[in-house]
Structures are given as C-alpha cells and as structure tokens.
Amino acid sequence: MTTLTAPTPPGATRHDHPALPGGYAVPDFDKPLPPREGDREIQYREALREAMSEEMRRDERVFLIGEEVAEYNGAYKVSQGMLDEFGAKRIIDSPISENGFAGMSIGAAMYGLRPIVEFMSWSFSFVAADAILNNAPKMLYMSGGQWGCPIVFRGNDGAGGQLASTHSWCVEGLYANVPGLKIAIPSNPYDAKGLLKTAILDPDPVFFLESERMLGDKAHVPEEEYYIPFGKARLVREGGDCTIISWGRPVNFAAEACERLAADGIECDLLDMRTIRPLDMDAVVESIKKTNRIVIVDQSWPFGGVASEVISQITEQAFDWLDAPPVRVNTADVPTPYAKGLESAYLPNPDRIYDAVKQCTA
Amino acid sequence: MTQASASTKSPQSTGKPSDGLSDDTLRKWLYDMQLIREFETRTMQAYQQAKIGGFCHIYSGQEACAVGTINSVNQDDPVVLAYRDHGHALARGMHPRACMAEMYGKLEGCAKGKGGSMHMFDKPNWLFGGHGIVGAQTPLGAGLAFAARYEWEVLGKGKKKVALCYLGDGAIDQGAFHEALNLASLFSIPVIYIIENNGYSMGTAIHRHTANHENLISRGQSYGIKSIEIDGFDIVDVYDQFKPLADECRDLQRPGFVDLKTYRYMGHSMSDPQKYRTKDEVDTWKEKDSIAALASRLMTAKSDGGRECLSEDDWKAMRSEIAEIVRDAVQFAENGTDPDVGAELYSDVYIHPVPNLSPMGDYIHGDKNPLL
C-alpha cells in the first residue's frame, strides 16, 4: 500500500519506517494522563470498545475481525454496536478458523492495513500458533526490515470461570518468550482503554490480554482520548516493607491482600506492570531499593514463566539490595481444574498473596 | 536480450491470449527461464562448496510455472511464496545479485542475510516473501488479497488487484490451506492458489500423501472456487490458461485455484538422496523440458508452426549473457559484506523499539535494506 498516510491523533507525531508506507503515529507520552478519579463509571468491556471505536473513527485502515464480533455483537459484548457504526466491511464475523483468520489478518497487516483480531479466548490462539508466533513477530526480521506487521491480537486470558483445562490458558507464560512482539495486560477499565489505544497505534504486533472475569468491572474511564505508554508500571499503592508486583487480573487480588497486610502493620509497594514486553524493570528495581523484599504474583504456571524472568532480572540488577529471597505466587503447577474449590485454590488469590508477603517479611 | 525483432504478432491467429504476445516478450520469457536454470545450477555449486548454508530448495524443471504465471499479472499485484522461492523471486524482478547474496548471508542480500534461501522478500516488486513452514503462506495470501480489495473498496484508493499465492502439492494437506480456501471464497477475496504440483511432498509421492490425488481441483471446487488444471511444462499454454483466470479473478474479485502440473529435476532440498524415485523417471520428465521446448518453438520456422524469431546463434549468445550475469551474481555474493553483529543482530526486530523489551539490552535500527 503506497497511497495512505497514517492519521495522527492530537499531539502525536508521525514517524517513518521503510517497512510502513505512510509511517506510524506515536502519541505524546509526556503529556500527563487524565485523572483516574471521576464519576464516569463504565465497564472494562466498554472501555475496550471505546478504544477501538475511537481509533476506527480516525483511521479507516483499522478493522476488527473475529468470531461473533459483528452480528452477535460480540461473544462477550465487547464489540456491541460496532457493526451498526462501522458496517460489515470493517466489523467482520469470521468462521471458527483461528489459523485462517489470524494468518489472513497478518497478510493484511503486511500489506498496510491495521487489523484488530479478537480471539474469543487466548486459549484458542494455539491453533493459530504458526501464524501468530512464526509470522507476525518475525516478519520484519526475516525480510531484513522490508515488511512489518502492525496488528493487535486481543481476547480473554486466564482462568476463573470454571472452564477447566483447555479454556483457561494464561498465554503470557509462553508468548513472552518470543522476541518481536509486545504484550499488554491491563488490570482495570482505565488502563484497558489507554493501553488498547496505544496498542492500535503501535507499528509492531501487540498481544493484548484481557480477562473474561474483569469484563464487567466498573471504574471511572475518562471520555477524552488518552494513551498509556508501554513499559511504564503504575504504582498502585505505596509502602516501605515489601514490593509486590503483578499484571492483569491478580493486581486486584494483590490490592486486597495489601489492605489486610496494612491492618497487620505491613505496608507494601504494589506495582501494576501493565505490559510484560516491555517490562518496567526500572520501577521494580527502584522499589526493591526501598523495600529490599519482593513478591511476584503471576497468574501463569511457574516453570520458565514471567515471574521466573522477573526474578532472573532482579538477581542480575538488584541482587545486593535483597534482604530475603524473592517469593513468587503462581497458579498451581497442574492443568486447570473444573471444580470451584479446586479452581479457586489453583489461582493466585488474596490469601496466597498475604501468606507470601508474610513469608517474605518474616 | 540479444536482438529485437520487427515482428510483434504471432503468425496465426487462434484466438488465444498468447496470440498478442510479441516475439520480444517470448524471448524475454525464455531469457527469464534460462536465468533461473543457470542461477540454480550455480546455487547448487555454491551449496556444495558450503558457501550457502541451511536448507536450499532448487527450482530447476519448474521454470515455466513461475515465469508463465507471474507474467500474467501486474507488477504491483502481491505475490507470496513457499520456500522453493529463488525462481519466483528472479521472475518477479529481483536482481540475481540480491538473491545470491542473501543465500551467502551477506548484508547486500534481499533480507540483509537474515532470511536465507527460504525467505526471499522484495518490497519494490511486491514480493511478500518465501515462507519456510509448509502451507503457512496460504492464509497470508488471502490477507494480501483481502487488503488489496479493502484498499479500493473501503478506502477508495488504488485499483482492483489479484494476489498470487504459490504452494507445492505437499501443502494441500495442511489445515491452514483449507482454512485459507474457505475464507477466500467466503469473503470473496481475489487470491489465486497456484499448486505447483511436482508430484512429491518432500520424498512422499502424491498418491501416498493426498487422497483423491488425480482430481486436485476438486479441492478448490468444493469451496466454490473456480479451479483449473494446467500443464506446467508449456509456458505458452500456462499463459493461455492462466491469464484469463487471473483477469477473471481480478475483475470479479473472486479466488482461483490452479493445479499446475510440473516436475522438479533435483531433490526436495540439497540434502535429498532421492531414494524414492528412479533416474529413468527424472530423465523421462526432462524430455519435456520447458526451456528446450520454448527455445525450439522460437527457432522453428513459421511454416512449421513456430515463431522463427530466434537463431541458434541468438540462443547461444543469450545463454552466454545469462551465464555471465549469474557469474557476476556469485562474484558479488562472494565479495559481499558479512552483517555486522553490532548493527544487525538486534535490529529489525521492532519497528518501534522501546526500552526494556529484552533483558539482553535495547533493540536498534540497522542498515537500511539495500532493496529499499
């Protein structure tokens, strides 16, 4: 595609790259973000919809494709109403054919469009593994910088709905291993909007991990447009006794645990990492220098996962600042069970985080 | 080219698309096919000398397929390939130097030495790569066509295009291929799946690797896609049958499917001992050689149904010229620059690198691709 110039949101600058005719827009990340407090309470799913709709209004190259995204109004109602606004050429119902429509969208991204691909669940992304792991993140490198792949894959990640083993994947443990992609994982509606807007503008493939368990969560989301930078953790809570870091849904469990720990006189820094690739290790190390202790809460399996990576980087960058071994809280190292009690015990939860901090600060 | 001719029309009008082809065009096709043959011969030599590494799949025998089909579409129609991709890259217009230098792993290669034999990309020629995983390029081909259609239909820019997606007969057994066919027909996407049916899926003969192998076009037909069989040894026949299909797919914005019957003279890859077929079988196919057949047609007298636009001397001169060009490509690759580790190992990973993407350090932008 040679005829199109990337539209730029207010305040953004256009950058050029030989692989992307028309360049790409980079938001002004120095601009302060709007307040998180307010009374415009909307659901996480509505925040996602707002992000997509705002970008689709500005940039006609952006389209949404996935199972049930159009006439069904979204299997989880994320895309509700979007077919009416944007029409069937841009809100596209796909057959249940992940390898096909993910691969097709990658081809469209190479050509110059900006696809948003919805996986009903990231658990279904494995049948498209070759497309999303072998093609999207490697195209720029394999072609020596000739063809990029500006695409967003998004969908539900993680357990919690009694869906058992095959439908409960936390894919970050596997996918974070692959260079060439970026991974964002918002824990709340405000971040869901701001991170998804950044993902859609980003010229590299972004894996955007949502959670079916959080789609109904409500919080203030500013009506205005805003972009949250990748690689900048948010300090959710401040305290000097221990650092807790997490990403995605368990950030909320960690916040709950922090309340109980505070009642016991233990004050924690809680960092919401917001993106896994890039990973804001600067914020982690800065906090460790203050607390000298860290607990990592990761909703994927422990072996070779994201928590393990964080601990590796801590030992490389902040070993001398630690007063205790790092403690990780992962999902249990078993396939996801169905029974409610088993599933609950399998997941990171406030009790397990509370215990981990107690252990770390003992 | 060695010599221009005043004659631009074929001697007899038979109502075929090829009737409109000039002698120059046919001589150019002969040139292109011979260039591929000579290039692959030198590629094999370089591989045997360990100048080229990795997997290397030789195209010799199939030249009429790439040259005949690529010359049926426009220069800005998107093309995507499997891993047996040197021939298509040359037919599409990639400079032999860039192609050979890539296999030598040099910075002057089409992918700066980051892709190798199986990954020939050429943006100026709308070539979206060779792809190493069998069948992986088939959804990509649908996506290129989807985007081309979206460009003129939704964005109101550009023009009607048709995308070409090449695959071998081995790839028709992959799920990705069937998903791509379904989507292409369902969404009415102008992509033509060209099955270069050389009879083998690596070392497994077609009757042993796919059901209903005598009737491959039923694969396309079952998805409601116009599907035709073409003898891939006669380049004029390839053009006569493929060009109308390409025009129709472009015009109607519909997919197409071609069982393009061909044969590869060499093994699946350079490491193939070819225990699964006899030398006699290979020799029998070589008697149909597409290059020899076209040269003969161009040299045959018009009174005998030929074109009479190429002399023995012309043909000899053409081959000498090509041999020199390929020698030059090899020399160019030999003299190429090894990619600098500091500049190239960590570049071209992200278009927009930011800090903390990797524990190993920051990603960078490397040298600009020589083709851009």
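Note that this is a predicted model, so its numbers are computed, not measured. (Residues numbered from 1 in each chain as written. Chains lettered and ligands numbered in written order. Predicted model: local features only at pLDDT ≥ 70, side-chain atom pairs only at ≥ 80, totals over all residues. Heavy atoms only, no water.)

Peer 1: Before we move on, could you go through the interface of chain B and chain A and cite the residues and values that matter?
Peer 2: The interface of chain B with chain A comprises 60 residues on the first partner and 64 residues on the second. When chain B packs against chain A, the two sides together hide about 5000 Å² of surface, and 65% of this comes from carbon and sulfur. Our count for the chain B to chain A interface comes out at 1 salt bridge. The shortest N-O distance in the salt bridge between E153(B) and K89(A) comes to 3.2 Å. For the side of chain B that touches chain A, the secondary-structure elements that each account for two or more residues are β2 (127-130), α5 (137-153) and α6 (175-186) of chain B. Ranked by the residues each element gives to the side of chain B that touches chain A, the list is headed by α5(B), at 12 residues. A per-class count over the side of chain B that touches chain A returns 36 nonpolar, 11 polar and 13 charged. (Contact = heavy atoms within 4.5 Å. Buried area = accessible area lost by both parts, 1.4 Å probe. Salt bridge = Lys/Arg side-chain N within 4 Å of Asp/Glu carboxyl O. Helix = DSSP H or I, 4+ residues; strand = E, 2+ residues; numbered from the N terminus. Nonpolar A, V, L, I, M, F, W, Y, C, P; charged D, E, K, R; others polar.)

Peer 1: I'd like to hear about the pairing of strand β1 (residues 13-17) of chain A, residue by residue, with values.
Peer 2: Residue and element names in this part refer to chain A. In this sheet, strand β2 (residues 20-26) lies alongside β1 in antiparallel orientation, the contact comprising 4 bridges. Opposite T13, over in β2, you have V26 as the bridge partner. Two successive antiparallel strands, β1 and β2, enclose a turn made up of 2 residues. (Pairing = 2+ DSSP bridges.)

Peer 1: Summarise the sheet that holds strand β5 (residues 91-93) of chain A; cite the residues concerned and give the values.
Peer 2: Residue and element names in this part refer to chain A. Spatially, the 7 strands line up as an open sheet ordered β5-β4-β6-β7-β9-β8-β14, and their pairing is mixed. Edge positions in the open sheet fall to β5 and β14 (275-277), since each of these has one partner strand only. For this sheet the average axis-to-axis angle between neighbouring strands, irrespective of direction, equals 20°. As paired strands, strand β6 (residues 114-121) and strand β7 (residues 152-156) are joined by 5 bridges and run parallel to one another. Bridging from a neighbouring strand, E118 pairs with R154 of β7. Contacts between helix α1 (residues 44-58) and the sheet are confined to β4 (62-66), β5, β6, β7 and β9 (206-210), with β4 contributing the most and set at about 135° to the helix. (Axes fitted to C-alpha atoms, helices over the stretch in contact; angles between N-to-C directions.)

Peer 1: Describe the pattern of salt bridges, listing the residues and the values that go with them.
Peer 2: Residues and elements named next belong to chain A. All told, the structure shown has 47 salt bridges over all chains when counted by the stated rule. The partner of D59 in a salt bridge is R61, and the shortest N-O contact between them spans 2.8 Å. A relative accessible area of 9% means that D59 is categorised as buried. Among the salt bridges present, the one from D204 reaches K182, with a minimum N-O distance of 2.9 Å. On the criterion of sequence distance, the pair formed by D204 in the loop between α7 (189-201) and β9 and K182 in strand β8 (residues 182-184) is long-range, its members being 22 residues apart. Grouping residues by exposure puts D204 and K182 together as buried. (Buried < 20%, exposed > 50% of the residue type's maximum accessible area, 1.4 Å probe, protein only.)

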